[in-house]
Amino acid sequence: MSKDRYEEQTPAVSYYQSDSSRNAVECDSSGKIAAPSGPDTVSQQLGQSSYQIICGDSREIVKTLPQVHCVVTSPPYLAQRKYGSSNKEIGVEGDAVSYVTDLCDLFDAIHLHPLGSAWVNLGDKRNGDGGLLNLPARFSIEMQKRGWQLVDHVIWAKAVSFADGTTAGNVMPEPANGRLNGNGHEVFYRFTKSKDPWSDTCAVRIPRDGVKPIPYLLPDEINVVTAINGRNLFNVWHFPSGKTREAHFASYGLDLCVRPIAMTCPPFVNPDGSLPERIVEMVEYDDGRVRGRRTGKYTSGTVKTAGRNDVGRPYIAKYPNTIGWTEIHDGWTPGIVLDPFCGTGTTGVAALMLGRRFIGIDLYQEYADIARARCQKASRVGPQVLTPKMLGGTK
């Protein structure tokens, strides 16, 4: 791969203090990171650098990357538009089977940490007769056939219609009679290869009544409200479509990327590859509701003969209290987020503002340059040093 695909501007943000030099970044006399020369080139390029933007075919580049901890991406739609003149674009295959196969082959080639997660935002497509191809479901089924686990199925609600006739959000109209506007939502899948993937659900919990919320690390330009001592997050998210100053057809919003990264990209990675975890204790509290109530529709005195096994239990209000993290070793580094279709770099901006590192890939130099500029700006204004205390720990 040519030098200009790896060349990056400094300064780079250092997210940790360490005497180890194994992650050092070598720079040339102009202050730019030197061109790669070894088999672990991209890993060396990242080092203490916070991000790396690579221009090229993501299907080939992902095979050369170091291990990453989280993937957050929105692949191009099938047969929707051309972003440039290359015939290597994903989305120009012409048929659903080839499109799904190309996507799944790419994800199989990613060197994902055994406890890592891959988040994929995918839109559908209609055939010539107006019927949906059901691409998200086809993709999900094929991924599961290849050994991936579908852990979370999030609905990204771009626009919502309420019973009183009011709406929230705005999407493009669909110029067709006899059917609903199908642009109101897309799916956001989370896949893993592990039965017990790394996750920090406290990072994306939402405020609960009766408990003063303790927010997760929230940079100034991120609008997602969180409470590490709050309620578990639901799997339907209402966010508007993304907007950037740059011309790009498929930008998704910064806020949409925040939750997947905060929840499934570890803020701390030990030198041996182990991932420290949040230590939580459940604390009883008075939520102001009637004591003695039970979960579900079954109340005291009701004999449960059928239905779910988790209903009818006495309800005791509890909230999660963070008391620390499992052992964090000297020389830890932030987890790495990968977006193999990074476009203008929205995923990278979110990752950097949350104190993670980022690798982005785009087929076209125009978008790679935009992503690089946005990431450079985010790396300068984002958090420079993460500590367990900042994320709700006690150290």
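If you're wondering where the values come from, they're calculated on a predicted model, not measured in any experiment.

**A look at the overall build of the protein**
Scanning the protein from N- to C-terminus turns up 7 helices and 12 strands. The burial tally for the protein puts 48% of its 395 residues in the buried class. Here the contacts in the protein between residues at least 6 apart in sequence split such that 73% fall between residues at least 24 apart.

**Quick notes on the confidence of the model for the protein**
Segments scoring low in pLDDT should not have their predicted coordinates read at a detailed level. On average, the protein scores 79 in pLDDT, and the residues at 70 or more come to 73%. At the level of individual helices and strands, the protein shows its lowest average pLDDT in helix α1 (residues 41–46), which scores 45, and its highest in strand β2 (residues 68–73), which scores 98. Taken as a whole, residues 1–45 scores under 50 in pLDDT and shows 97 contacts with residues more than four places along the chain or in a different chain. This stretch, residues 298–307, has a pLDDT under 50; its non-local contacts, to residues over four places away or in other chains, come to 8 contacts.

**Quick word on unusual backbone geometry**
Phi is positive for Asn134, which is not a glycine, with a value near 60°. Checked against the element boundaries, Asn134 lands in the loop between β3 (112–122) and α4 (135–145).

**Some remarks on the sheet that holds strand β11 (residues 336–339)**
Spatial ordering of the open sheet is given by β1-β12-β11-β2-β3-β7-β4-β8, a layout of 8 strands whose pairing is mixed. The sheet terminates laterally at β1 (51–55) and β8 (236–238), the two strands that pair on one side only. On average, each strand axis in the sheet is inclined to that of its neighbour by 20°, with strand direction left out of account. As defined by bridge partners, β2 adjoins β3 across 5 bridges and the pair is classed as parallel. Within the sheet, the bridge partner assigned to Val72 lies in β3 and is Trp119. Running over the sheet, helix α3 (residues 96–109) touches β2 and β3 and is turned about 150° from β3. Helix α5 (residues 254–264) contacts β2, β3, β4 (149–157), β7 (185–192), β8 and β11 of the sheet and is inclined by roughly 160° relative to β2.

**What to know about the packing of α3 against α4**
Look at α3 against α4: their axes get within 10 Å of each other, and the N-to-C directions meet at 45°. The pairing of α3 with α4 is recorded here as oblique in orientation. Along this stretch, α3 crosses α4, giving a crossing that reads as right-handed. Contacts between α3 and α4 involve Ala96, Tyr99, Val100, Leu103, Cys104 and Phe107 from the first element and Leu135, Arg138, Phe139, Glu142 and Met143 from the second.

**Description of the packing of aromatic side chains**
Applying the stated criterion across every chain yields a total of 9 aromatic pairs. When the ring of Phe139 is compared with that of Phe191, the centres are 5.6 Å apart and the planes differ by 90°; the resulting orientation is edge-to-face. Note that Phe139 is positioned in helix α4 and Phe191 in strand β7, a separation of 52 residues in sequence. Using a relative accessible area of 0% as the deciding quantity, one classes Phe139 as buried. For the ring pair Tyr285 and Tyr319, a centre distance of 5.7 Å and an interplane angle of 65° mean the geometry is edge-to-face. Remark: Tyr319 occurs in strand β10 (residues 318–325) and Tyr285 occurs in the loop between β9 (278–284) and β10; sequence separation between them is 34 residues. Of the two residues, Tyr285 and Tyr319, both sit in the buried class. Grouped by ring-pair contacts, the aromatic residues Phe107, Phe139, Tyr189 and Phe191 constitute a single cluster. Stacked on the ring of Trp156, the Lys or Arg Lys158 has its end atom at 4.7 Å from the ring centre. Residue placement shows Lys193 over the ring face of Trp148; its charged tip is 4.5 Å from the ring centre.

Cut-offs used in this document
Sequence order as written defines the numbering, with residues in each chain counted from 1. The predicted nature of this model means local features are confined to residues of pLDDT at least 70 and side-chain atom pairs, given and counted, to a pLDDT of 80 or more, with totals for whole chains, interfaces and linings taken over all residues. Remark: hydrogens and water are excluded; side-chain values derive from all non-hydrogen atoms of the structure. Put simply, DSSP H or I for four residues or longer makes a helix, DSSP E for two residues or longer makes a strand, and each gets a number counted from the N terminus. Residue burial is assigned from relative accessible area. The probe radius is 1.4 Å, only protein chains are included, and a residue is buried under 20% of its type maximum, exposed over 50%, and partly exposed in between. Contacts are residue-level and defined by heavy atoms, with any inter-residue pair within 4.5 Å sufficient. For every residue, the pLDDT score states the predictor's confidence, bounded by 0 at the bottom and 100 at the top. Two strands qualify as a pair provided DSSP detects at least 2 bridges between them. Angular values range over 0 to 180 degrees, each being the angle between N-to-C directions of two axes fitted as lines to C-alpha atoms, with helices fitted over their stretch in contact. Any angle from 65 to 115 degrees is called roughly perpendicular, while one under 35 is roughly parallel, one over 145 is roughly antiparallel, and all others are oblique. Handedness of each helix crossing follows the sense of rotation of the near helix against the far helix: counterclockwise by less than a right angle gives left-handed, clockwise gives right-handed. Classification of ring pairs uses Phe, Tyr and Trp, with its six-membered ring standing for Trp, and accepts pairs whose centres are within 6.5 Å; under 30 degrees between planes counts as stacked, over 60 as edge-to-face, and the remaining range as tilted. Note on criteria: charge over ring means Lys NZ or Arg CZ within 6 Å of the ring centre, with the direction from the centre no more than 35 degrees off the ring normal.

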